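# Descriptive structure summary
Each chain, letter by letter, is given below.
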Amino acid sequence: MEMKIYPSILAADFSKLGKDIKNVENNIDGIHLDIMDGLFVPNISFGTPIIKSVRNITNKYLDAHLMIIDPDRYIEDYAKMGINGITIHYEAVTHLHRTIIKIKELGCDAGISLNPHTPVFLLEEILPFVDRVLIMSVNPGFTGQKFIPETLNKIKKLKNIIDNKNLNVKIEVDGGVGLKNIKNLYQAGAREFVVGAGIFHQKNPSEAAKKLKEVGME
Ligand code: DX5
Ligand code: ZN
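Residues numbered from 1 in each chain as written. Chains lettered and ligands numbered in written order. Predicted model: local features only at pLDDT ≥ 70, side-chain atom pairs only at ≥ 80, totals over all residues.

### Some words on the UniProt feature "active site" (unreviewed entry) in the chain
Rules: UniProt positions are given in the numbering used here, feature names are shortened, and annotations may be inferred rather than shown by experiment. The way it works is that DSSP assigns letters per residue, a run of H or I at least four long becomes a helix, a run of E at least two long becomes a strand, and they are numbered from the N terminus. Each residue is represented by a C-beta atom placed from its backbone, and any two residues with such atoms within 7 Å are regarded as in contact. Exposure is read from a count of other C-beta atoms within 10 Å of each residue's own; the residue is exposed at 12 or fewer, buried at 20 or more and partly exposed in between. C-beta atoms are placed from the backbone.
Those residues carrying the UniProt feature "active site" (unreviewed entry) are Asp34 and Asp174 in this numbering. These annotated residues cover 141 residues of sequence, and their C-alpha atoms all fall within 10.5 Å of one another, placing them together at a single site. Structurally, aspartate 34 can be placed in strand 2 (residues 30-36). With residues up to four places along the chain from it excluded, the contact list for aspartate 34 reads Ser8, Leu10, Ser45, His65 and Met67. By the secondary structure assignment, aspartate 174 is in strand 7 (residues 170-174). Assessed through the 26 C-beta atoms surrounding it within 10 Å, aspartate 174 is described here as buried.

Below is the structure:
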């Protein structure tokens with residue numbers, strides 16, 4: 001299975017967001033939207049107006065990563081805005097199964113994200129209902145943080161669980177992903193890669209996105 005690169009616009013320049021997106025569009029598979037509420041994570045990012053603007057300028061897959069408490073409050077609005085995949089945090093939801101079913105009923109791909117401390121075995125019962133698991137390789141909240149190397153093992157463990165159950169669940173990884181670790185992450189089983197600083201903080205973001213794919217699949 002091919003790999004997918006989703007740049008995180010949290011690392012882009014919001015004063016010229018449209019330009020930044022158009023510039024990388026040819027070499028990416030979708031756009032990762034980091035929604036933060038200042039409670040679940042120690043940072044506030046952006047919400048509806050930015051999401052609408054992004055939807056208006058691109059047809060690419062939009063992957064929303066909700067780092068917010070009680071995400072049920074926003075799921076329907078986001079689905080109506082044309083977001084394609086909604087990922088919620090295991091740690092932020094009480095009735096995970098209900099929320100996942102709701103995301104699917106609204107026609108979106110459903111994802112669960114795990115903070116670095118949350119073990120993958122907790123997903124055993126919910127895995128058959130989801131399309132992707134987003135493994136955080138940094139503590140969520142900010143772009144440009146250092147990759148936590150233990151993530152590689154965590155991805156391998158998750159891949160084993162998914163394979164043993166014969167499921168078609170994609171493993172996505174987010175945080176500190178770059179040229180140094182993308183190949184190892186691919187080999188461990190990740191197929192979707194969220195990249196912020198590794199694309200938008202580079203001299204040539206479009207080339208950086210292309211290179212990540214080449215190096216990852218070498
Ligand atoms: C972190 C966010 C990430 C972040 C990735 O809380 O979920 O999506 O923007 O940025 P980098 O790739 O710079 O770590
Ligand atoms: Zn993210």
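### A look at unusual backbone geometry
Most peptide bonds take the trans configuration, and most residues that are not glycine carry a negative phi. The residue aspartate 70 is not glycine, and still its phi comes out positive at about 55°. Positive phi, close to 60°, is recorded for asparagine 166, a residue that is not glycine. Summarising the element assignment, asparagine 166 is placed in the loop between helix 5 (151-164) and strand 7. Of the residues examined, asparagine 166 has 7 C-beta atoms within 10 Å and is grouped as exposed.

### Remarks on the site of ligand 1
Basically, it comes down to this: Any residue whose C-beta atom, as set from the backbone, lies within 6 Å of a molecule or strand is reported as near that molecule or strand. Three residue categories are used. Nonpolar comprises Ala, Val, Leu, Ile, Met, Phe, Trp, Tyr, Cys and Pro, charged comprises Asp, Glu, Lys and Arg, and polar comprises the others, including Gly.
The full set close to ligand 1 counts 22 residues, and Ser8, Pro140, Thr143, Gly196 and Ala197 are the nearest of them. Within the residue set of the shell around ligand 1, elements represented by two or more residues are strand 2, strand 8 (192-195) and helix 7 (197-200). A per-class count over the shell around ligand 1 returns nine nonpolar, eleven polar and two charged.

### Notes on the pairing of strand 7
The cut-off we apply is this: Two strands are counted as paired when DSSP detects at least two bridges linking them. Orient the strands so they point away from the viewer; a crossover is then right-handed if the path from the first strand over the helix to the second runs clockwise.
A large share of strand 7 lies buried, amounting to five of its five residues. Along strand 7, one buried face is formed by Lys170, Glu172 and Asp174 and the opposite face, lined by Ile171 and Val173, is buried too. For strand 6 (residues 132-136) and strand 7, the ladder comprises five bridges, and the chain directions are parallel. The residue bridging isoleucine 135 from the neighbouring strand is valine 173, located in strand 7. A crossover links strand 6 with its parallel partner strand 7, the connecting element being helix 5, and its sense is right-handed. With three bridges connecting them, strand 7 and strand 8 associate as parallel partners. Directly across from glutamate 172, in strand 8, lies its bridge partner glutamate 192.

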